[in-house]
Each structure stands twice: as C-alpha cells, then as structure tokens.
Amino acid sequence: MENTTGLRESKKLRTRRQLAATALELFLERGFDAVSVADVAAAAEVSKPTLFRYFPSKEDLVLDRFADHQDEAARIVRDRPAGRGPVGALHDHFLAALAERDPITGLCDHPDVLAFQGLLYSTASLEGRIAHYTAREVELLAAALEAEGAEPLPARLAATHLVAVRHELGRENWRRMAAGMTAEEAYPAAVGDADRAFGMLADGLDRTLGPLIPRS
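What this report covers is the structure whose coordinates are included nearby. (Residues numbered from 1 in each chain as written. Predicted model: local features only at pLDDT ≥ 70, side-chain atom pairs only at ≥ 80, totals over all residues. Heavy atoms only, no water.)

Things to note about the overall build of the protein
1) Next: Secondary structure summary: the protein contains 10 helices and 0 strands in total.
2) Next: In terms of its C-alpha atoms, the protein occupies a principal-axis envelope of roughly 55 × 50 × 30 Å.
3) Next: Taking all 216 residues of the protein together, 41% fall into the buried category.
4) Next: Partitioning the intrachain contacts of the protein with sequence separation of at least 6 by distance along the chain shows that 71% fall at a separation of at least 24.
5) Next: Per element, the accessible surface of the protein, about 11,400 Å² overall, is 54% carbon and sulfur.
6) Next: Charge centroids of the protein, computed over 26 positive and 33 negative side chains, lie 5 Å from each other. (Helix = DSSP H or I, 4+ residues; strand = E, 2+ residues; numbered from the N terminus. Buried < 20%, exposed > 50% of the residue type's maximum accessible area, 1.4 Å probe, protein only. Contact = heavy atoms within 4.5 Å. Areas by Shrake-Rupley, 256 points an atom, 1.4 Å probe, with all protein chains shown as cover. Lys, Arg positive; Asp, Glu negative; His and termini not counted. Charge placed at Lys NZ, Arg CZ, Asp CG, Glu CD.)

Digging into the packing of aromatic side chains
How two aromatic rings sit relative to each other is set out by the distance from centre to centre and by the angle between their planes.
1) Next: Enumeration according to the criterion identifies 3 aromatic pairs in this entry.
2) Next: Ring centres of Phe27 and Phe32 lie 4.7 Å apart, and the angle between their planes is 55°; this geometry places the pair in the tilted category.
3) Next: With centroids separated by 6.2 Å and ring planes inclined at 50°, the aromatic side chains of Phe94 and Phe198 adopt a geometry described as tilted. On the criterion of sequence distance, the pair formed by Phe94 in helix α6 (residues 86–99) and Phe198 in helix α10 (residues 183–208) is long-range, its members being 104 residues apart. Note on accessibility: Phe94 and Phe198 belong to one class, buried.
4) Next: Above the ring of Phe55, the side-chain terminus of Arg16 is found at 4.6 Å from the ring centroid.
5) Next: Positioned over the ring face of Phe32 is Lys58, at 4.3 Å from the centre of the ring. (Phe/Tyr/Trp six-rings, centres within 6.5 Å; stacked < 30°, edge-to-face > 60°. Lys NZ or Arg CZ within 6 Å of the ring centre and 35° of its normal.)

Some details on the environment of Thr50
1) Next: By the element assignment, Thr50 lies in helix α3 (residues 48–54).
2) Next: On a C-alpha basis, the gap between Thr50 and His69 in space is 25 Å, while along the polypeptide they are 19 residues apart.

Observations regarding the packing of helix α8 (residues 124–147) against helix α9 (residues 152–178)
1) Next: Where α8 meets α9, the axes come as close as 8 Å, and the angle between the chain directions of the two elements is 135°. Classified by the angle their axes make, α8 and α9 are oblique. Seen from above, α8 lies across α9 with right-handed handedness. Contact residues: α8 offers Glu127, Thr134, Glu137, Val138, Leu141, Ala142, Leu145 and Glu146, while α9 offers Pro152, Ala155, Arg156, Ala158, Ala159, Thr160, Leu162, Val163, Arg166, His167 and Arg171.
2) Next: Here the residues of the contact of α8 with α9 sort into 10 nonpolar, 3 polar and 6 charged. (Axes fitted to C-alpha atoms, helices over the stretch in contact; angles between N-to-C directions. Parallel < 35°, antiparallel > 145°, perpendicular 65-115°, else oblique. Left-handed = near helix turned anticlockwise from the far one by under 90°. Nonpolar A, V, L, I, M, F, W, Y, C, P; charged D, E, K, R; others polar.)

Details of α6
1) Next: Here α6 is 14 residues long and its end C-alpha atoms lie 20 Å apart, about the 20 Å a rise of 1.5 Å per residue gives.
2) Next: Turning to α6, its buried residues are Pro86, Val87, Gly88, Ala89, Leu90, His91, Phe94, Ala97 and Leu98.
3) Next: Arg101 lies just past α6 and shows a positive phi near 60°. (Expected span 1.5 Å × (residues − 1).)

Details of the environment of Arg166
1) Next: With respect to the helices, strands and loops of the structure, Arg166 is situated in helix α9.
2) Next: As a C-alpha pair, Arg166 and Arg84 span 82 residues in sequence and 18 Å in three-dimensional space.
3) Next: Not counting chain neighbours up to four residues away, the residues in contact with Arg166 comprise Glu72, Ala73, Ile76, Leu90, His93, Phe94, Glu137 and Phe198.

This is the structure:
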C-alpha cells in the first residue's frame, strides 16, 4: 500500500512538472496573455478540469515554483546558528546565494532564467499573483518569529520588511541582468546592495527582536 501511494505521488509530481513546463514554453513563445488555459491543456494532452486540479489559476502555472521557497526565510530563522539574529541569518543566506548565482537572488545570467524572469516582470497578472505567495512567505516567517517569543505585531512587521528586502534585491539584480550585465560583472554591486539593505534593518529589527537572538 505504501509503495502504491508513493508511485501515485510520483506520477502526480511528474504530471505537475510536465504541465508547468509545457505552459512555460508556450508563454515564452507567444506571450502570457496570448495563451489560454485551453491552449496549455491541449498542448499537454489533458483536459482543462485536469489542469485545474493541479493549478488553481493560469498564473500558478508559472509561479508554482515559488511555492518551494515560501518557507525558506522561516526555515533560515529557525535553523540559524547560536548568537545570530534573524536579520543577520537572512543576510548571510542571501550572500551565500549570491555567491552561488542562485536564480532566486536575480543574479543569474542563464538564458532560461532570464527568459523566465523577463516574462514574470513584464506581465501584470503574474506580478499581481506574486502577492499571494509573498503574503504566505510573510505569514510563515512571522509565525517562526512568534514561536521564539516575538510579539505578534513586531513579528509581522519584521517579517514584512525582511521578505520585502529579499524580493527587492532580487528584482534589482534582475534589472542588471536585463540591462546586459553578466552575473560576474554585477556581483560586487549585488553584494553591496545586500549589505546596505540588510544593514538598514539590522539595528532596528534585531533590537526589537532582541530576545530571539541568543540560542543554545
């Protein structure tokens, strides 16, 4: 029974990935607004109801990969080393991701990543739908801060600022890539921006969340 369940879940995951890949290919080729859900379903050889069982909206066909990162900030805060505050931990993680040219930081000049981000930032409905994923990211981070003793309002405010910084840094790095810079060329400026952005938050948020910093 367990093996059957595992095979079923693996099949669902493969189908989900196939649908997302088919949709992205069509969106990049024709433009997001020029492709309908019916077009995607036909290209993937599934019915529209089947497609909607996997993705609740057309936008989610593109943005579903963001779901994999929704708990990232919360996880970083929960797993941070002893003596490191939430802001510092997220700063450290972002710098490490920049060094690895992680696409989530925007500092990645791979053609496929640039094409995806170009689609994302040039489509109003996609940008609007990102707010859904961002709200969940803030919610999870705030919950992690509250779990360690932060009051609800400071936790939500801190989470909102920290998530906004991560997203805005990613967008600024993408702008550099879109302007023709390579990731290598843009790396020093990206690090400088991250240091300034997290530095603007460090004193205020770490002081407010002070009881969370010591860890044993």
